[in-house]
Amino acid sequence: MPLGDGVVIRSRRVVLPDGERAADVVVRGGRIEQVAAHGAVGGRGVTDLGALVLMPGLVDTHVHVNEPGRTEWEGFASATRAAAAGGVTTIVDMPLNSVPPTTSSAGLSAKRKAAEGRLWVDVGFWGGAVPGNLGELELLHRAGVFGFKSFLAPSGVDEFPHLTGPAELVAALTEQTRLGALAIVHAEDPAVLDAAPNVGGARYRDFLASRPDAAESVAVAGLLDCARRTGARVHLLHVSSAAVLPLLRQARADGVRVTAETCPHYLTLAAEQVPDGDTAFKCCPPIRDAANRELLWQALAAGEFAAVVSDHSPSTSELKLSQHLGGSGDFAAAWGGIASLQVGLPAVWTEARRRGHSPADVVRWMAAGPAGLVGLSGVKGAIAPGCDADLVAFDPDGEFTVRPDQLHHKNPVTPYAGRTLTGLVRRTWLRGRVVDLDGAPHGRQLVRR
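Numbers given for residues are sequential positions, taken from 1 along each chain in its written order. Local features are withheld for residues below a pLDDT of 70 in this predicted model, meaning they are given only at 70 or higher, and side-chain atom pairs are given and counted only at 80 or more; totals for whole chains, interfaces and linings count all residues. Only heavy atoms go into the side-chain values, all of them from the structure, while hydrogens and water stay out.

K.L.:
Honestly, the overall build of the protein in this entry has me stumped. Any pointers?
P.N.:
Only DSSP runs of H or I reaching four residues or more are called helices, and only runs of E reaching two or more are called strands; each is numbered from the N terminus. The number of helices and strands found in the protein is 13 helices and 17 strands. The globule rule puts the C-alpha radius of gyration for 449 residues at 22 Å, and the 21 Å found for the protein is close to it. In terms of principal-axis extent, the alpha carbons of the protein reach across some 70 × 45 × 40 Å. Accessibility here uses a 1.4 Å probe with only protein chains present; expressed as a share of the type maximum, an area under 20% marks a residue as buried, one over 50% as exposed, and anything in between as partly exposed. Looking at the 449 residues of the protein, the share that counts as buried comes to 60%. Here, Shrake-Rupley sampling with a 1.4 Å probe gives the accessible areas, and only protein chains in the shown set may cover a residue. A total of about 16,100 Å² of accessible surface is found on the protein, and carbon and sulfur atoms cover 51% of it. Within these notes, the globule rule equals 2.2 Å times the number of residues to the 0.38 power, and the radius of gyration is based on C-alpha atoms.

K.L.:
Could you clarify how one ought to interpret helix H10 (residues 290-301) in this entry?
P.N.:
The periodicity of an α-helix, 3.6 residues per turn, causes residues three or four places apart in sequence to face the same way. Helix length check: H10, at twelve residues, gives a terminal C-alpha distance of 17 Å against a target of 16 Å (1.5 Å per residue), a fit within 8%. Turning to H10, its buried residues number three or more, namely Asn292, Arg293, Leu296, Trp297, Ala299 and Leu300. In a view along the axis of H10, the buried residues occupy a sector of 160°, so they form one face of it. Facing away from the buried side of H10 by more than 90 degrees, the exposed set consists of Ala291 and Gln298. Polar contacts, as used here, are pairs of N or O atoms within 3.5 Å; protein pairs need one atom able to donate a hydrogen and one able to accept it. Residues neighboring in sequence count only if both atoms are side-chain atoms. N-cap assignment for H10: the residue whose side-chain oxygen lies 3.3 Å from the backbone N of alanine 291 is aspartate 289. Glycine 303, located one to two residues past H10, shows a positive phi value of around 85°. By this rule, a helix spans an expected 1.5 Å times one less than how many residues it contains. Working definition: the arc comes from the directions between the helix axis and the C-beta atoms, pointing outward to the latter.

K.L.:
Whenever I open this one, the nonpolar core confuses me. Can you help?
P.N.:
The nonpolar side chains of a soluble globular protein tend to be buried with one another. In this description, a nonpolar core means a group of buried Ala, Val, Leu, Ile, Met, Phe, Trp, Tyr and Cys residues linked to one another through side-chain atoms lying within 4.5 Å. Counting residues in hydrophobic clusters, the biggest one holds 96 residues, and the most contacted among them are Met55, Leu236 and Trp365. Among the elements that line this core, the one with the most residues is helix H7 (residues 213-230), at six residues. Counting 20 residues, the second largest nonpolar core, distinct from the first, contains Val157, Trp335, Val374 and Leu376.

K.L.:
Looking at this structure, I do not really get the pairing of strand S13 (residues 258-262). What am I missing?
P.N.:
In regular strands, side chains alternate between the two faces of the sheet. The element S13 is extensively covered by neighbouring structure, given that four of its five residues are classed as buried. Here strand S12 (residues 233-236) pairs with S13 via three bridges, running parallel. The partner of histidine 235 across the bridge, within S13, is threonine 259. By the criterion used throughout, a crossover qualifies as right-handed when its path from the first strand across the helix to the second strand runs clockwise, the strands pointing away from the viewer. Following the backbone out of S12, through helix H8 (residues 245-253) and into the adjacent parallel S13, one traces a crossover that is right-handed. Whether two strands pair comes down to DSSP finding at least two bridges between them.

K.L.:
Before we go on, may I ask you to explain H8 in this structure?
P.N.:
Where H8 is concerned, the buried positions are Leu245, Leu248 and Ala251. Down the axis of H8, the sector holding all buried residues measures 125°, keeping them to one side. The elements touched by buried residues of H8 are H7, S12, S13 and H10. Glycine 255 lies just past H8 and shows a positive phi near 95°. We call two residues contacting when some pair of their heavy atoms lies within 4.5 Å.

K.L.:
Teacher, can you tell me more about the side chain of serine 11 here?
P.N.:
Secondary-structure assignment places serine 11 in strand S1 (residues 7-16). The class for serine 11 is buried, based on a relative accessible area of 0%. Of the polar contacts made by the side chain of serine 11, one reaches the backbone nitrogen of arginine 13; its length is 2.8 Å. A polar contact is formed between the side chain of serine 11 and the backbone oxygen of leucine 52, at a distance of 2.5 Å. Dropping the residues within four chain positions of it, serine 11 is found in contact with Arg21, Ala22, Ala23, His38, Leu49, Gly50, Leu52, Val53 and Leu54.

K.L.:
So what exactly am I meant to see when it comes to the sheet that holds strand S7 (residues 88-93) here?
P.N.:
Two modes of strand pairing occur in sheets, parallel and antiparallel, and in both the strands are linked by backbone hydrogen bonds. If you trace the three strands from one edge of the open sheet to the other, you get S6-S7-S8, paired in parallel fashion. On the outer flanks of this sheet lie strand S6 (58-63) and strand S8 (122-125), each paired with one strand and no other. Along the sheet, successive strands turn relative to each other by an average axial angle of 20°, direction set aside. Of the pairings in the sheet, the one linking S6 to S7 comprises four bridges and is parallel in character. Counted as the bridge partner of valine 63 is aspartate 93 from S7. All axes here are fitted lines through C-alpha atoms, helices being fitted over the stretch that makes contact, and every angle between N-to-C directions spans 0 to 180 degrees.

K.L.:
Could you clarify how one ought to interpret the sheet that holds S12 in this entry?
P.N.:
Read across the open sheet, the six strands follow the order S9-S10-S11-S12-S13-S14; overall the sheet is parallel. Because the sheet does not close on itself, it has two edges, and the strands there are strand S9 (127-128) and strand S14 (307-308). Two strands pair when backbone bridges link them, and strand S10 (residues 148-151) and strand S11 (residues 182-186) are joined in this way by four bridges, in the parallel orientation. Paired with phenylalanine 151 across the bridge in S11 is histidine 186.

K.L.:
Sorry if this is basic, but what is going on with the pattern of salt bridges here?
P.N.:
If the charged atoms of two oppositely charged side chains come close together, the side chains can form a pair. What makes a salt bridge here is a side-chain nitrogen of Lys or Arg within 4 Å of a carboxyl oxygen of Asp or Glu, nothing more. In the structure shown here, the tally under the stated rule is 29 salt bridges. Between glutamate 188 and arginine 211 there is a salt bridge, with its nearest N and O atoms 2.8 Å apart. A residue pair is termed long-range when its members are at least 10 positions apart, and glutamate 188 in the loop between S11 and helix H5 (190-195) and arginine 211 in the loop between helix H6 (204-210) and H7 qualify at 23 residues. Each member of the pair, glutamate 188 together with arginine 211, is buried. A single network of salt bridges, built from pairs that share partners, joins Arg31, Asp122, Lys380, Asp388, Asp390 and Arg431.

K.L.:
Hey, could you run me through the packing of aromatic side chains in this one?
P.N.:
Only Phe, Tyr and Trp rings take part, Trp by its six-membered ring, and two of them pair if their centres are within 6.5 Å. Stacked means planes under 30 degrees apart, edge-to-face means over 60, and tilted covers everything else. Within the structure shown, the criterion is met by eight aromatic pairs. Between tyrosine 204 and phenylalanine 207, the aromatic rings sit 5.8 Å apart at their centres with planes inclined by 55°, giving tilted as the arrangement. Of this pair, tyrosine 204 and phenylalanine 207 both sit in helix H6, separated by three residues, roughly a single helical turn. Comparing tyrosine 204 with phenylalanine 207 shows no difference in burial state: the two are buried.

Structure, rendered in structure tokens:
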């Protein structure tokens, strides 16, 4: 079959929606035109990957870019380069840690202006639902945000306050239900957090005690009750505690429209491994023990999580306070966030392969699942006719040791520093064009479909 004016990417291991097989992927006009038999397409413009895995570009729906306002923490150029280098071709930016936050149409406009000409991958935006901005939600929804994020406990930044109590949560969910919008929620209970011991200092076990499992389970129970009352579609962000899993199972059995995600750091790291004073490991909710991690893996394998996404939330080295970088190592005082956008795929693959999972499983968790969550199925997250030709050549056997100074994240702080991971991204395509990290960006801003 002649190729004509398109291009073809060939591999003996192509991850398709119905499984992995040898195939030729024909790309024309930035989209996948067809998936043909391996070797069926001839002529110029054929890239043969041999035995490298060809998978769809990952979709990461939980990324804090922080621009404008805190661009010294991260920015659109650095974040999207890191994404492309890590096989992520679509991100959805969180509405906080930037100044202004995306809690108004003016805030969204500021985001979009800051992103212009600085995107190496495609980027969409979440809006924020905070006290006092109910009147802005419809404007943001019409402008194409993918849904609205709320906190049930303090967010860590003053310009993005949390919803205080069931009345504010019900009001926000009621308005989002009216709009047909997705509510995404950081669920930790402030009363439980206030009652927990908080002694500060460099011992990780003290920090872990300050964010107990009950902070998540109590908050999730309250969120699910409000979702039952309002009929809202809710998505639970960054599940760290397996204690919430029975609550989610029962809610789904009751007909509540609830999904959940977890993150690479909860699946690959464990509290027992966290050195005292190494605040690169601090995040909220926290990394829990190895037994909890295994329960998360069991739930993931059983299809209980809609997505595995990074929750990439970096800051400057000074704010992380890591003893390795000359800081105090005080977990209570350090910024809480994991920088992992570029290494999420190999981190998850390293542990997934050890547990007998396949690249197709990882694609389901990190590409198709998040794309479906935000309504991008049929456009992103799959190698199928009509989808954008966002593709990744992945070496599942390659190994590397994480060196923070070689990452594209703006600040070289990550808990994966020095870890040997399996899985190398050899090449990334965005709508059929190879992403050149040293060349001109050609990412686009996305709106909700």
